[in-house]
Amino acid sequence: MVAAVLFDLDGTLLDTAPDLGAALNSVLQANGREPLAAEVMRPYASHGSTGLLTLGFGHDFSHAAEKDKNRLRTQFLAAYEDNICQGTCLFQGVSELLRALAERNIAAGIVTNKPTHYTQLVLRYFPELAQLPSIVCGDTLSVNKPNPEPIRLAADQLHVAYHSCLYVGDAERDIVAGRNAGMTTVLAEYGYLAEHDQTAEWLADHSIAAPLDILQFLAPK
């Protein structure tokens, strides 16, 4: 029996790629670079500021001095915060899924690597997510995914056993963390996957093409 479903945020519950991509293009243009197409940036949307800036600046970022990396990160985060949730939206079916979980008395929570500050800024626009009883962010603990401890903390906050939880995410770190936490893992194939991702090697227990596909793993009402 599933007692709780825990979710990654970006690329699993929320499509944040439009705003993250816009922030990257803002930084690229401010530094004399050409903007990137949305479809190029989308697979990297859950890789954080470092992943996106590496995509945009290539070796110029990865081999830059730390002070220069920090300057670009600061520009990126400022651009993101200034235009937070201009294009971000729930993936289709998320609201219905959360209602279905509540009807079955199945707890739900969020475990994201997104820092608390930005998570809270985003969730102000999505009350159905903000009211979930467990929201663990990338800086809640001293470690984050793929370390399993943030996911275990969420289960502890919900007072459910690890083995009775599903953990749903769109990145390898999500599946690794969920497996190591002793949970059943579900790969969100609708999220931010790149063509080169070898998802079969991640060894997720299940895969879904849309959020409502999670209902197949739950007992009927």
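Because the structure is predicted, anything quoted here is derived from the model rather than measured.

A. The arrangement of the packing of aromatic side chains in detail. In this structure the tally under the stated criterion is two aromatic pairs. The interplanar angle of 40 degrees and the centroid separation of 6.2 Å between the aromatic rings of Y80 and Y118 together place this pair among those described as tilted. Highlighted residues: Y80 in helix α5 (residues 66–82) and Y118 in helix α7 (residues 116–123), separated in sequence by 38 residues. There is no split in this pair, since Y80 and Y118 are both buried. Seen in terms of ring centroids, F91 and Y190 are 5.0 Å apart; in terms of plane orientation they differ by 65 degrees. Their pairing is edge-to-face. Residue F91 is located in the loop between β3 (89–90) and α6 (94–103), and its partner Y190 is located in the loop between β7 (184–188) and β8 (206–208); the two are separated by 99 residues in the primary sequence. Of the two residues, F91 and Y190, both sit in the buried class. In this structure, K69 is placed above the aromatic ring of F61, and the distance from its NZ or CZ to the ring centre is 5.7 Å.

B. Summary view of the pattern of salt bridges. Counted under the stated rule, the structure contains eight salt bridges. For R42, the salt bridge is made with D15, and the minimal N-O distance between the two is 3.1 Å. Linking R42 in the loop between α2 (38–41) and α3 (48–57) with D15 in strand β2 (residues 14–15), this pair joins segments that are 27 residues apart in sequence. By relative accessible area, D15 is classed as buried at 11%. Connected through shared salt-bridge partners, D8, K145 and D174 make up one network.

Cut-offs applied
- Residues numbered from 1 in each chain as written.
- Predicted model: local features only at pLDDT ≥ 70, side-chain atom pairs only at ≥ 80, totals over all residues.
- Heavy atoms only, no water.
- Phe/Tyr/Trp six-rings, centres within 6.5 Å; stacked < 30°, edge-to-face > 60°.
- Helix = DSSP H or I, 4+ residues; strand = E, 2+ residues; numbered from the N terminus.
- Buried < 20%, exposed > 50% of the residue type's maximum accessible area, 1.4 Å probe, protein only.
- Lys NZ or Arg CZ within 6 Å of the ring centre and 35° of its normal.
- Salt bridge = Lys/Arg side-chain N within 4 Å of Asp/Glu carboxyl O.

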